[in-house]
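# Coordinates in review
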Amino acid sequence: MIDDVPSLTVEALSRRRHGRAAGLDSFFDRHARAFAYYGSGKVALRDGLAGVLEPGGNVLLPAYLPDGVVEPLYELGLEPRYYAVQPTLAPDFADLERRADDDTGAVVSVDYFGFPQPGLEEVAAIAADRGWYHVDDNAHAPISRFEGRLLGTLGDLGITSLWKLLPVPNGAILYLTGDDVHAGYEPSDLAGVRDGIGPADCRFVLKSFVGDVLESNAMLRRSVEAILSERGDGDAPAVGGPKARYERSKVRMSKLSMRIVEDSDPEKIRTARRANYRAWLDVLGERADLEPVYDSLPRGICPQAFPVRAARPDAFLTELETAGVGGHTWPRLSDEVLEDPEYETATRLSREIVTLPVHQEIEPGRIAALGDRLRR
Ligand SMILES: Cc1ncc(COP(=O)(O)O)c(C=O)c1O
């Protein structure tokens, strides 16, 4: 089975890197002007915006976005306004401009799957011209660089989600890049790293190790999956509506996450993820029913996943499941977007884009070995 996220291994927990300068914490130190650790990207976004925007304003965000991302805005008394996107994932600029008014305080761009959002520079230019703050949402790929700059640090403020890169219970970063954002920032009590290892950390470690045991025993895995599906509580963090999930994410970053951040080597992770991305391109790139969202991998990019647009997403997902690959469509959109025909492109993309895992724990050669089954 190729899981869709990396899992924690005994080897990873016992690994201590040589020389602290090589770890992810010093990587962030080198690439960001100022940053703060958080449990989740959404809470990081809340604290970043709280320092510069007043309640009553509005914030422009792409419609192709997970439903929970607007929750911090509601909490701050800000109105989220979705702008339509093009099939390339670039903003529909005419739509973006149309939705802005005198109360617009910020615009969000999203570095989907670890690549800069097409049109990112134009978004930055419009924001500068109109006096809006530009939020560089790089939740997907914490170590992705574009033209030498770390994604997430290209706006006035930015976020990234460490849990999307590493086998950690939680973790995110708020980047304080612009002068105003830096000056206005007041960390809430959710900023920073927790002191001790808590029950949630222990549950996470146990779940990862049990996952590994189940991985090597297909019969046991099927029994556990059957029990879990009867109970209907498969993946607890995804349960509940966007507000409930946001409230649950209100914890400081775990000490266990910090330990893994310190011990992770960014260059090793990037190399492994890029190799896996290229392996998927090689296996699936020529299929007539699939269109890779990005068919090249510029220098510095550390992909979060390998996204493809599938002509028949359900059939493709079944094919992946049969081959033992954990793929899924992305994202779960808000009802507001799903119900509005003006966001038809975002809705279509959310049904057609399937993301395949490229994480660093996939054994080299594993994806290529699926070539005979999945190549057409
Ligand atoms: C584009 C985007 N922005 C923000 C977030 C929020 O990050 P977190 O889950 O760390 O709160 C996500 C999470 O999936 C995301 O995909």
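Calculation notes
Residues numbered from 1 in each chain as written. Predicted model: local features only at pLDDT ≥ 70, side-chain atom pairs only at ≥ 80, totals over all residues. Heavy atoms only, no water. Phe/Tyr/Trp six-rings, centres within 6.5 Å; stacked < 30°, edge-to-face > 60°. Helix = DSSP H or I, 4+ residues; strand = E, 2+ residues; numbered from the N terminus. Buried < 20%, exposed > 50% of the residue type's maximum accessible area, 1.4 Å probe, protein only. Contact = heavy atoms within 4.5 Å. pLDDT = per-residue confidence, 0-100. Pairing = 2+ DSSP bridges. Axes fitted to C-alpha atoms, helices over the stretch in contact; angles between N-to-C directions. Salt bridge = Lys/Arg side-chain N within 4 Å of Asp/Glu carboxyl O.

Within the structure shown, the criterion is met by 12 aromatic pairs. Ring geometry for Tyr64 versus Trp330: centroids 5.3 Å apart, planes at 80°, classification edge-to-face. Note that Tyr64 is positioned in the loop between strand E2 (58–62) and helix H4 (71–75) and Trp330 in the loop between strand E12 (328–329) and helix H14 (335–338), a separation of 266 residues in sequence. Take Tyr64 and Trp330: they sit in the same class, and that class is buried. Put simply, the rings of Phe27, Phe28, Phe35 and Tyr37 touch in pairs and so form one group of aromatic residues.

Turning our attention to the side chain of Thr355. Along the polypeptide, Thr355 turns up in strand E13 (residues 353–357). Among residues more than four places away in sequence, those in contact with Thr355 are Phe113, Ala305, Phe306, Pro307, Gly326, Gly327, His328 and Trp330.

Let's shift gears to the confidence of the model for the protein chain. Chain-level statistics for the protein chain give a pLDDT mean of 91 and a share of 88% at 70 or above. Here residues 231–236 scores under 50 on pLDDT; set against residues more than four positions off or in separate chains, the count is four contacts.

Across the five residues of strand E3 (residues 79–83), four count as buried, placing the element largely inside the fold. Two strands pair when backbone bridges link them, and E2 and E3 are joined in this way by five bridges, in the parallel orientation. Across the sheet, Val59 pairs through a bridge with Pro80, a residue of E3.

Below, the discussion takes up the sheet that holds E2. Taken together, the seven strands give an open sheet; going across it, the order is E1-E9-E8-E5-E4-E2-E3, and neighbouring strands pair in mixed fashion. Pairing within the sheet leaves two strands with one partner each, and these edge strands are strand E1 (35–38) and E3. When the angles between neighbouring strand axes are averaged without regard to direction, this sheet yields 20°. Relative to strand E9 (residues 172–176), strand E8 (residues 157–161) runs antiparallel, the two sharing five bridges. Paired with Ser161 across the strands is Ala172, a residue of E9.

Looking now at the sheet that holds E13. Taken together, four strands build an open sheet; the order of strands is E10-E11-E13-E12 and the sheet is antiparallel. Strands with a single pairing partner mark the edges of an open sheet, and in this sheet they are strand E10 (290–292) and E12. Where E12 meets E13, two bridges bridge the pair, whose relative direction is antiparallel. If you follow Thr329 over to E13, its bridge partner there is Val354. Strands E10, strand E11 (305–310) and E13 of the sheet are contacted by helix H12 (residues 266–284), whose axis makes an angle of about 25° with E11. Each of E10, E11, E12 and E13 touches helix H13 (residues 313–323); the most contacted strand, E13, lies at about 15° to it.

Any two side chains of opposite charge can pair if their charged atoms end up close together. Per the stated rule, a full pass over the model turns up 22 salt bridges. For Glu75, the salt bridge is made with Arg46, and the minimal N-O distance between the two is 3.2 Å. Placement of Glu75 in helix H4 and of Arg46 in helix H3 (residues 41–50) is noted, with a sequence separation of 29 residues between them. Overall, Glu75 belongs to the partly exposed group, its relative accessible area being 39%. A relative accessible area of 11% means that Arg46 is categorised as buried. Between Asp95 and Arg99 there is a salt bridge whose closest N-O contact spans 2.6 Å. Of this pair, Asp95 and Arg99 both sit in helix H5 (residues 93–99), four residues apart, which is roughly one turn of the helix. No difference in accessibility class separates Asp95 from Arg99, as the two residues are buried. Here the residues in one salt-bridge network are Arg46, Asp47, Glu75, Lys243, Glu247 and Lys250, joined through shared partners.

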